[in-house]
Amino acid sequence: IINYVVKSLKDQLGLKDAPVAFFSSFFFTKLYREGHKDRELDGTYSYEEVARWTRKTFRTRSVDKTKTIIFFRNMTADHWISFAIFMDRKIIQAFDSIGANRVSDLKNMYRWLHETMKIEGKQLNPKEWCLYGTRRETPMQRYRLVMAPPRSRFLSYFEVTYDIQFFSRRRL
């Protein structure tokens, strides 16, 4: 469902030409080889699994010209995590409504970004980048089974950056 919602948002809000890239939840499935038939490979990081997907996503705009990159990760049937890479601010941040910091995922997001930039012939300086787990101000779910979409900071960032409003009384 979330992949459909993202596609709809891109279409409705005209984000196709905006310096924003969205990756579906299947990105993490491939990046971590989830469900791989070889048990030793299952759950391990693999840039090669997402390399073609990455090239396709950035075929019209290089990664460093993209302002924000959004990823979604499906943890369970009722738990999604959002990740955002804010290129202009050099921040990679997790938005987990249950509050986990996702340190391993954040490090792998940086690793993915580093490998992608290296392929483009560009270098990242790790001292310039900050990795933030879920922050105290990130909206949290009170009840695990409630699947209300939290109004997270990265959506607020979009509203300010692109002068749009994702949530209004009418839409809710």
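These notes cover the structure that comes with them. (Residues numbered from 1 in each chain as written. Predicted model: local features only at pLDDT ≥ 70, side-chain atom pairs only at ≥ 80, totals over all residues. Heavy atoms only, no water.)

**Notes on the nonpolar core**
Reasoning step 1: Counting residues in hydrophobic clusters, the biggest one holds 28 residues, and the most contacted among them are Ile69, Phe71, Ile85, Trp112 and Leu113.
Reasoning step 2: For this core, the secondary structure elements donating two or more residues are β1 (20-23), α2 (26-31), α3 (48-57), β2 (68-76), β3 (79-86), β4 (91-96) and α4 (103-119).
Reasoning step 3: Within the second largest apolar cluster, eight residues are counted, among which are Val20, Phe72, Ala84 and Ile91. (Core = buried A, V, L, I, M, F, W, Y, C linked by side-chain atoms within 4.5 Å. Buried < 20%, exposed > 50% of the residue type's maximum accessible area, 1.4 Å probe, protein only. Helix = DSSP H or I, 4+ residues; strand = E, 2+ residues; numbered from the N terminus.)

**Regarding the sheet that holds β2**
Reasoning step 1: Pairing is mixed in the open sheet, where five strands are placed in the order β1-β2-β3-β4-β5. Each edge of the open sheet carries a strand with a single partner, namely β1 and β5 (130-132). Taking each pair of neighbouring strands and ignoring which way they run, the sheet shows an average axis angle of 15°.
Reasoning step 2: Strand direction decides the pairing type here: β3 and β4, joined by six bridges, are antiparallel. (Pairing = 2+ DSSP bridges. Axes fitted to C-alpha atoms, helices over the stretch in contact; angles between N-to-C directions.)

**Overview of the packing of aromatic side chains**
Reasoning step 1: Tallying each qualifying case throughout the model produces 15 aromatic pairs.
Reasoning step 2: When the ring of Phe23 is compared with that of Trp112, the centres are 5.6 Å apart and the planes differ by 80°; the resulting orientation is edge-to-face. Placement of Phe23 in strand β1 and of Trp112 in helix α4 is noted, with a sequence separation of 89 residues between them.
Reasoning step 3: Residue Trp112 is classed as buried on the basis of its relative accessible area of 0%.
Reasoning step 4: Relative to Phe83, the ring of Phe28 lies with its centre 5.2 Å away and its plane at 40°, an arrangement referred to as tilted. Of the two residues, Phe28 sits in helix α2 while Phe83 sits in strand β3, which places them 55 residues apart along the sequence.
Reasoning step 5: We classify Phe83 as buried; its relative accessible area is 0%.
Reasoning step 6: Taken together, the ring pairs connect Phe23, Phe27, Phe28, Tyr32, Trp53, Phe58, Phe71, Phe83 and Trp112 into an aromatic cluster. (Phe/Tyr/Trp six-rings, centres within 6.5 Å; stacked < 30°, edge-to-face > 60°.)

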